[in-house]
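Chain by chain, the residues run as shown.
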Amino acid sequence: ISDFPTAELSGRAWAQRLSDDYARAVEAALASSSSTSDIFFVTVGTFRCFYNTQKHKPFKLEGFQESYYRDGKQVQVPGEFAEERPNRLQNVWRVHARNPEDGCSVGQNFALPSKIWSDPDNGPIVSFNLKADFQLEAGVDLAMFVFIVFIMGLSSYSVQTTVNSLVVEPIERMINKVKDLADKVLGIQFNKDLEDQDEDDLEMETMNEVQMLEFIFQKITKLTSLYFNSDVSAKELADMDHTNKAVLAGMLNQGVSKQRTSFAGSWLSFDNKDRIHEGAPVVSESDMPASGDVIESWNLHVLDLNDRGLDNLVLWIFFDSQIGRPTTRSFTSQDTFQAFHMQIKANYFDRNRYHNYAHACDVLHTVFRFLSITHTEEWCTAIEQYSLLIAALSHDLGHEGKTNQFLVETQAELAKTYNDSSPLENYHCAQLFKICTTQGCNIFKDLCDEDRKYSRKVCISTILHTDNAVHHQAMCQKIASLYELFRGIFDQQARTPDDLLPQYTEVLQENEVMTFLMLFLHLADVSNPLKPFHICQAWAHRVLDEFFAQGEVEKEKGLPLGPLNDRDRVNRPGSQHGFIQFLVAPLVEPVVGVFQPMHELYGHMADNLKQWCAHWEKEDKPSRPSKEEVTKRLQQISVHTKKAEDFRARMIPY
C-alpha cells in the first residue's frame, strides 16, 4: 500500500502520453490555417476520465502552454488545467514527462521532428493529489496497529495465565515456605514492627524475592557446611608436620569414632534478690590474693599465688564476688562450703604438673569471668551460676595425670568401670558427689528437691563436656551454627556489650542455657592460649611436661607412644600453634561472635600465636623449621590478627 500509486506505471505513462500528444497538437496547429488543434485537449479529457475511478487524481498540468510560438507563428494548444493544491506537500506526487525525442518511459518511441522543450529538466509536469491514498494507508496502518495490539494483549494474557499457573504460583508457595523456614529455623521474621526487627529482618525487608531466596540459601549453606565440615580433610592432614598431627590425634582423637552425649536443659524461674544473704566479706581486704582490678581481668596468674592465696581466691569467688554473693550465700553455709572445699583440694594431686589444684582454681576464675562479663545474671538463674562454679572447681577431681586414651590402652579400672567412655570425666563427676556424702560437706543439702536435681544435672553435663575428643567438634559446630542463625542480633548486641538487648537474651534463653553453661566450662578448660603470653607459656610447658611424663611410662610399659608424649619428637613452641589453630581457634571465633565481651581473648590468642611462632623459628629440637613452614604459619596468624581487629571494631556504633 505504501508504494502504490507511485510505484504503479500509469502515472508516468500518462505523463509521457500527454507530452507526446502535446507535441503532435503543436505540429498540427502549425500546419493548420486556423493555428489551433484539439488533439491535446481530447487527450487531457481522456486522461482525467481515466482517473475519475482512482483515489488519486491529477490536479495540475504544468509546462503545457496554451499559446506556443515557433517559426514566426503563434498557435493555440488548449488543455492545460490547474485545480486547488493539497494542503500537505507530502500528498503531492509530481511526474516529469520526457521530451518526445528522448523516447517513452513505458517503452514507446515517438520519432517527432523537433524538440518541444529546449530544457528537459524544466519540461512538463503532471501533479497528482494522493491524499485519499495516504488516508487509506493511514487507516490500514491504524487497523493493523490495533490488530497487533489486540493480538499482543491476547498473547500476553495467555502467557501470563500460563506463567502464573506454571511458575508464579509455585514460586509464591515456595517463597512462603522459605519465609516460614526463615522464621522457624533462622529466626528471621517478616512484617514485624520496625523497632522489633533485627539487622537480618531489616535487610530481608528491602530485598526482592530472588535476593531473599539467595540470602536464606546462603545461610542454610553455611549451616550445612558447618555441620558436615567437622574434621580436618585428608589433604590438610597430609600436609601437616608431625607436631600438628600429634595435636589432632592426641587432643581431638581425629579418626576415632566419637560418642556424643546431649542433655535437654531446663529453665527454672528464680529471683536472686529474694535469697541473698548479706554479711561481712569472707575474705578480708588484707587477705585478697590480688587487687580487685587484677582479679576482675585476664591478668591474674594463679601460678604466682601461694597455697593460701589460691584458697582465698576460691572463697572470694564463691562468697564475695558479684556472682558468688547472690548465689553461694543463698544455697549453702560458709562452714559447709569450707569443709567441702578442703575435701576438693585434697583430691587434687600436686605431683601433677598440670591437672592439679592450681589448674582447678584457674578454670574456676576463668568461668567466673565468663559469667561476669557476659551478664549471666540477666539470662541465667542463680542455681545455674552456682552449679557451674561448683563444676569448675571440681572438674578434674582425682586426675592422675594420664589421658583417657592411656587408661583405655592399659585397661585401667576406671576405663572398665565406665566402659571406655570418658572415664576421667565420669570419675570427676562421681568424686564430686562422693565428697558431698562426707559428713558436713554436702553443699546441695539446703536446696529444694527441684533445685538439687537440676544443680546435679548442670554439674554432670558440664564436667562430661570437658572431654575434647568426644564433644569439642560438636560444640564448635553448635556455636558456629547459632552465630550464623542470629548473626544480625549478635552483631547488633556487640555495639553495646554492657547493655543487653531483649532479643539477645531471648535468643540465649530459647537456645538452651545448658548449652552455654557447658560451653563456658569447656572453653575455660582450654583457655590458657587466650590469656596474656606469660600465663599462656607457663601453662603450655606444664601440660607438655605432664604429657612427656606419661610418655616415659608408655615407653616403660612397651605401649604405643602418644603423639604428644614423645619429648624427643615434639617441638614445644610448634605444638602450641597446632593446639591453637585446630582446637582453640575454631571454638573461640564463634564464641566471640555470640559474646562480644570475650573479644579480648581472641586478641590474646592472635598475639600468642605470633610469639609462639617467634620461639618456634629459634627452636632446633627436633629440627629448625624451614622458611616455607614459617611463611605458612605467619599467613595463618595474619588471618587471626585481622579477625581480632574485626571483633574489636564491632563495638563501634555505625
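Residues numbered from 1 in each chain as written. Predicted model: local features only at pLDDT ≥ 70, side-chain atom pairs only at ≥ 80, totals over all residues. Heavy atoms only, no water.

This part takes up the overall build of the chain. Of regular secondary structure, the chain possesses 25 helices and five strands. Relative to its 654 residues, the chain shows a buried fraction of 50%. Contacts in the chain between residues far apart in sequence, at least 24 positions, make up 76% of those at least 6 positions apart. (Helix = DSSP H or I, 4+ residues; strand = E, 2+ residues; numbered from the N terminus. Buried < 20%, exposed > 50% of the residue type's maximum accessible area, 1.4 Å probe, protein only. Contact = heavy atoms within 4.5 Å.)

A word on the sheet that holds strand E5 (residues 125-129). The three strands lie next to each other as E1-E5-E4, forming an open sheet whose pairing is antiparallel. Edge positions in the open sheet fall to strand E1 (57-62) and strand E4 (92-96), since each of these has one partner strand only. Averaged over neighbouring strand pairs, the angle between their axes works out to 25 degrees when direction is ignored. Of the pairings in the sheet, the one linking E1 to E5 comprises five bridges and is antiparallel in character. Residue pairing for E5: Lys-60 is matched across the bridge by Ser-127. Against the sheet, helix H1 (residues 10-31) makes contact with E1, E4 and E5, and its axis sits at roughly 50 degrees relative to E4, the strand it touches most. (Pairing = 2+ DSSP bridges. Axes fitted to C-alpha atoms, helices over the stretch in contact; angles between N-to-C directions.)

The next subject is helix H18 (residues 468-485). Helix length check: H18, at 18 residues, gives a terminal C-alpha distance of 25 Å against a target of 26 Å (1.5 Å per residue), a fit within 8%. In terms of residue burial, H18 counts as a mostly covered element, since 16 of its 18 residues are buried. In this structure Asp-467 caps H18, since a side-chain oxygen of it lies 3.3 Å from the backbone nitrogen of Ala-469. (Expected span 1.5 Å × (residues − 1). Polar contact = N/O pair within 3.5 Å; in protein donor to acceptor, adjacent residues only side chain to side chain.)

On the surface, a nonpolar cluster with roughly 710 Å² of combined accessible area is contributed by Met-144, Phe-147, Ile-148, Phe-150, Ile-151, Met-152 and Leu-154. Topologically, Ile-148 is positioned in helix H3 (residues 131-186). (Patch = residues over 30% accessible without salt bridge, like charges linked within 9 Å, V, L, I, M, F, W, Y side chains within 5 Å. Areas by Shrake-Rupley, 256 points an atom, 1.4 Å probe, with all protein chains shown as cover. Salt bridge = Lys/Arg side-chain N within 4 Å of Asp/Glu carboxyl O.)

Here helix H25 (residues 627-649) spans 33 Å end to end across 23 residues, near enough to the 33 Å set by a 1.5 Å rise per residue. Restricting attention to buried positions, one finds in H25 the residues Val-630, Arg-633, Ile-637, His-640, Thr-641, Ala-644 and Phe-647.

The next subject is the nonpolar core. Within the largest apolar cluster, 119 residues are counted, with the highest numbers of intra-cluster contacts made by Phe-337, Phe-340, Ile-390, Phe-595 and Met-598. A total of 11 residues in this core trace back to one element, the largest contributor, which is helix H12 (residues 357-373). The residues touching Phe-337, leaving out its near neighbours within four places in the chain, are Val-314, Leu-315, Phe-318, Phe-319, Thr-332, Ile-390, Leu-393 and Ile-443. Ranked by size, the runner-up nonpolar core spans 24 residues in total, among them Ala-25, Val-44, Val-126 and Phe-128. (Core = buried A, V, L, I, M, F, W, Y, C linked by side-chain atoms within 4.5 Å.)

To continue, consider the packing of aromatic side chains. In total, this model carries 30 aromatic pairs according to the counting rule given. Note on Trp-379 and Phe-595: the rings are 5.9 Å apart at their centroids and 25 degrees apart in plane angle, and the pair reads as stacked. With a gap of 216 residues between them, Trp-379 in the loop between H12 and helix H13 (382-394) and Phe-595 in the loop between helix H23 (572-594) and helix H24 (599-618) connect regions that are remote in the sequence. Per residue, the accessibility class of Trp-379 equals that of Phe-595, and both read buried. Ring pairing ties together the aromatic residues Trp-14, Phe-47, Phe-50, Tyr-51, Trp-93 and Phe-128, which thus form one cluster. When the ring centre of Trp-539 is taken as reference, the NZ or CZ atom of Arg-542 above it lies at 6.0 Å. Between the NZ or CZ atom of Arg-633 and the centre of the ring of Trp-616, over which it lies, the distance is 3.7 Å. (Phe/Tyr/Trp six-rings, centres within 6.5 Å; stacked < 30°, edge-to-face > 60°. Lys NZ or Arg CZ within 6 Å of the ring centre and 35° of its normal.)

Here we take up the pairing of E5. Buried residues dominate E5, accounting for four of its five residues. Across five bridges, E4 lies against E5 in antiparallel orientation. Paired with Arg-94 across the strands is Ser-127, a residue of E5.

We now examine the pattern of salt bridges. Under the definition given, this model contains 21 salt bridges. Between Arg-351 and Glu-400 there is a salt bridge, with the nearest N and O atoms lying 2.7 Å from each other. Of this pair, Arg-351 sits in the loop between helix H11 (334-346) and H12 while Glu-400 sits in the loop between H13 and helix H14 (404-409), and the two are 49 residues apart along the sequence. Given the relative accessible area of 42%, Glu-400 is considered partly exposed. Close ionic contact of Asp-545 with Arg-353 constitutes a salt bridge, the shortest N to O distance being 3.1 Å. Of this pair, Asp-545 sits in helix H22 (residues 533-557) while Arg-353 sits in the loop between H11 and H12; the two residues are 192 residues apart in sequence, bridging distant segments of the chain. Accessibility expressed as a relative area gives 22% for Asp-545, which makes it partly exposed.

Once that is clear, we can look at the pairing of strand E3 (residues 73-76). The sheet contact formed by strand E2 (residues 67-70) and E3 spans four bridges and is antiparallel. The partner of Arg-70 across the bridge, within E3, is Lys-73. The hairpin turn running from E2 into E3, its antiparallel successor, is two residues long, and Asp-71 in that turn takes a positive phi close to 55 degrees.

Contact pair helix H16 (residues 423-436) / helix H17 (residues 449-464): the axes reach a minimum separation of 8 Å and the direction vectors enclose 150 degrees. Between H16 and H17, the crossing angle belongs to the class labelled roughly antiparallel. Of the two possible hands of crossing, H16 and H17 adopt the one that is right-handed. Counting all contacts with H16, which are made through Glu-425, Asn-426, His-428, Cys-429, Leu-432 and Phe-433, the residues of H17 involved are Arg-456, Cys-459, Ile-460, Ile-463 and Leu-464. (Parallel < 35°, antiparallel > 145°, perpendicular 65-115°, else oblique. Left-handed = near helix turned anticlockwise from the far one by under 90°.)

The next thing to look at is the confidence of the model for the chain. Of the residues in the chain, 80% have a pLDDT of 70 or more, and the chain-wide mean is 84. Every residue in residues 101-114 scores below 50 in pLDDT, and together they form 26 contacts with partners more than four places removed in sequence or on other chains. (pLDDT = per-residue confidence, 0-100.)

With that settled, consider the side chain of Thr-43. Here Thr-43 shows up in helix H2 (residues 39-50). Judged by its relative accessible area of 4%, Thr-43 is buried. At a separation of 2.4 Å, a polar atom in the side chain of Thr-43 contacts the side chain of Asp-21. Setting aside anything within four residues of it in sequence, one finds Thr-43 in contact with Trp-14, Arg-17, Leu-18 and Asp-21.

It is worth spelling out the side chain of His-355 at this point. Note that His-355 resides in the loop between H11 and H12. In terms of polar contacts, His-355 uses its side chain to reach the side chain of Glu-546, at 2.4 Å.

Phi at Ser-35 is positive, roughly 60 degrees, even though this residue is not glycine. Structurally, Ser-35 can be placed in the loop between H1 and H2. You can call Ser-35 buried: its relative accessible area is 16%. A positive phi angle is found at Asp-420, which is not glycine, with a value near 60 degrees. Relative to the assigned elements, Asp-420 resides in the loop between helix H15 (413-417) and H16. Residue classification places Asp-420 among the partly exposed positions, given a relative accessible area of 45%.

Among the structural elements, Ser-286 can be located in the loop between helix H7 (242-252) and helix H8 (292-295). Side chain to side chain, Ser-286 and Ser-284 meet in a polar contact 3.2 Å long.

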